[in-house]
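# Residue-level structural notes
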Amino acid sequence: MTDSVKVLISNRQKEVKIPSGIRLLIRRCCHAVLVSEEFHGNVEVSVSFVNNEQIRQLNREFRQKDAPTDVLSFPLGENGSYDRNPETGALQLGDIVISIEKAVEQAKIYGHSLQREIGFLTVHSMLHLLGYDHEAGGLEQVRMREKEESVLAKLGLRRDASYVLTEDEI
């Protein structure tokens, strides 16, 4: 089990008031991913809330995509090797940047709570910080999605309903 998880959360936007309980939810999500992945050691993660314009600028600068996105992950490690905080000795996993405006919008589109959306974005990004990638699609994408849903279910943030009808339901 993970020894300690320090999650540094900052709000760098003024468009959306951060609901109470969101900071605790983010900490719970980060911890749950590390437990699920059997990650050991003291770790630090940074989470920032930004607006659509700020995340669009980051997306353009780091991914050459000139559009707002919901979340960006900036891992500080590679192949399981992470930087250490010289003061604490904790492993620095990286930075998570969430567009709170996009999260509100997507929660409405998907018909679930903002808590579920932020939980999903946090779990998704934590998996990226640990080296998972879904960009190429295929099996890696399926594996990552299964891990996300497993962690969210353990946190009580299941999907309220399936968006795909099975043949029996059609």
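On a predicted model such as this, the values are computed, not experimentally measured, just so you know.

Here we take up the overall build of the protein. Summing up its helical and strand segments, the protein has 5 helices and 5 strands in all. Scanning the protein from its N terminus toward the C terminus, one meets helices and strands in the order β-α-β-α-β-β-β-α-α-α. Rg of the C-alpha trace for the protein: 16 Å, near the compact-globule value of 15 Å for 170 residues, within the 12% margin. Taking the principal axes of its C-alpha atoms as reference, the protein extends roughly 55 × 35 × 35 Å. Within the protein, buried positions represent 44% of all 170 residues. Within the protein, contacts between residues separated by at least 24 positions form 68% of all contacts whose residues are at least 6 apart in sequence. By element, 49% of the accessible surface of the protein is carried by carbon and sulfur atoms, the whole surface being about 9,700 Å².

Once that is clear, we can look at the state of the cysteines. Tallied over the entire structure, the rule returns 0 disulfides. Residue C29 stays outside any disulfide, its sulfur separated by 6.9 Å from that of C30, the closest cysteine. The exposure class of C29 is buried, given its relative accessible area of 0%.

Attention now moves to the environment of V16. With respect to the helices and strands, V16 occurs in the loop between β1 (5-11) and α1 (22-36). When its relative accessible area of 18% is taken as the criterion, V16 is described as buried. A C-alpha to C-alpha distance of 33 Å links V16 and D3, two positions 13 residues apart in sequence. Ignoring anything within four residues of it in the chain, the contact list for V16 reads I100, E101 and V104.

Criteria and cut-off values
Residues numbered from 1 in each chain as written. Predicted model: local features only at pLDDT ≥ 70, side-chain atom pairs only at ≥ 80, totals over all residues. Heavy atoms only, no water. Helix = DSSP H or I, 4+ residues; strand = E, 2+ residues; numbered from the N terminus. Rg over C-alpha atoms; globule rule 2.2 N^0.38 Å. Buried < 20%, exposed > 50% of the residue type's maximum accessible area, 1.4 Å probe, protein only. Contact = heavy atoms within 4.5 Å. Areas by Shrake-Rupley, 256 points an atom, 1.4 Å probe, with all protein chains shown as cover. Disulfide = S-S within 2.5 Å.

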